[in-house]
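Overview (structure and organization)
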Amino acid sequence: MAELLFIIALIAGAAFMRHAKKEVRRAARQALKPSTPPNRSKPVSPANAFNEKAAREALEKPVLRGSAYVVDGDTIVIQKTQIRLFGVDAPEMNHPYGKKAKWALVRLCKGQSIRAEVTDVDSHGRTVARCYLPDGRDLSAEMVKQGLAIDWPKFSGGLYQSMEVPDIRKKLWLADARQKGRMHVWKQFEVKQNERSGCD
């Protein structure tokens, strides 16, 4: 028992001495620093100037983690933040395959802690993020592979294009029309939907 106490005392003493040496070195470095403040009259070079845009981007790109509430096939909510899945487009809830896309995403997210790496904010004010399952799978990629979302090259750079199932753009023709800026196709579809619901 006495030997054990002696060994513990030696270890504690060595740790204390190491810490004390570090403190002495730090104090010596501080003493060697010039006491006069640096000359502030020199203009700051453009390379070292404060870049507000870069600073804002760095501050506004957090990583969110938690369970996800699924809004539709490409939108979830984590920690009260509405998140649009990065780089893909899924059908709206009132469009063909919209409900199927939502429930596929529900199945992927159910009981999982999702990691959302924020990349941007879209034109609707939604946070855009690359979202991952605990096993590392990308939710955007999983939705494309299931044929319930399509790659949006304008935002993804074509990252998910090779994962698209054959003829998916014919199946998800409204999402394809949106990407091509053919919003009149949407309007025509919505008019028909309204006419049908008015007849009921």
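Residues numbered from 1 in each chain as written. Predicted model: local features only at pLDDT ≥ 70, side-chain atom pairs only at ≥ 80, totals over all residues. Heavy atoms only, no water.

Topic: the layout of surface pockets
Any space left empty among the atoms is revealed by the rolling of a water-sized probe across them. Formally: Only protein atoms enter the calculation, which uses a 1 Å grid: trapped sets of points that fit a 1.4 Å probe without letting it out are cavities, open sets showing protein on both sides within 12 Å along at least five of seven lines are pockets, and any residue with an atom within 4 Å of a point is a lining residue. Grid points are joined across faces, edges and corners, and a volume is the space filled by probe spheres set on the points. Only runs of H or I of at least four residues qualify as helices and only runs of E of at least two qualify as strands under DSSP, and these elements are numbered from the N terminus. Note on residue categories: nonpolar means Ala, Val, Leu, Ile, Met, Phe, Trp, Tyr, Cys or Pro, charged means Asp, Glu, Lys or Arg, and polar means any other residue, Gly included.
By volume, the largest pocket is sized at about 440 Å³. Surrounding the largest pocket, 17 residues form its lining, Arg84, Asp122, Ser123, Trp152 and Phe155 being those nearest its centre. Element by element, the count of residues in the lining of the largest pocket is highest for strand β6 (residues 114-121), at three residues. Split into classes, the residues belonging to the lining of the largest pocket amount to seven nonpolar, four polar and six charged.

A word on unusual backbone geometry
Stated precisely, the cut-off is as follows: Only protein chains enter the accessibility calculation, which uses a 1.4 Å probe; a residue whose area is less than 20% of its type maximum is buried, one above 50% is exposed, and one in between is partly exposed.
Backbone geometry places Lys80, a non-glycine residue, at a positive phi of 65 degrees. As for its position among the elements, Lys80 is in the loop between β3 (75-78) and β4 (81-85). Since its relative accessible area comes to 83%, Lys80 is described here as exposed. One non-glycine residue, Tyr97, lies in positive phi territory at about 70 degrees. Its place among the elements puts Tyr97 in the loop between β5 (88-89) and α3 (98-109). Since its relative accessible area comes to 37%, Tyr97 is described here as partly exposed.

Brief notes about the confidence of the model for the protein chain
The condition is simple: Confidence of the predictor at the level of single residues is given by pLDDT, which spans 0 to 100. We call two residues contacting when some pair of their heavy atoms lies within 4.5 Å.
In this model, the protein chain carries a mean pLDDT of 79, and residues with pLDDT of at least 70 account for 68%. Here residues 27-52 scores under 50 on pLDDT; set against residues more than four positions off or in separate chains, the count is two contacts.

Observations regarding the pairing of β3
Put simply, the rule is: By the convention used here, strands pair only if DSSP detects at least 2 bridges between them.
Direction of pairing for strand β2 (residues 69-72) relative to β3: antiparallel, over a ladder of three bridges. If you follow Val70 over to β3, its bridge partner there is Ile76. Hairpin connection of β2 to β3: two residues between the antiparallel strands. Taken together, the four bridges between β3 and β4 define a ladder with antiparallel strand orientation. Note on β4: the bridge partner recorded for Ile78 is Thr81.

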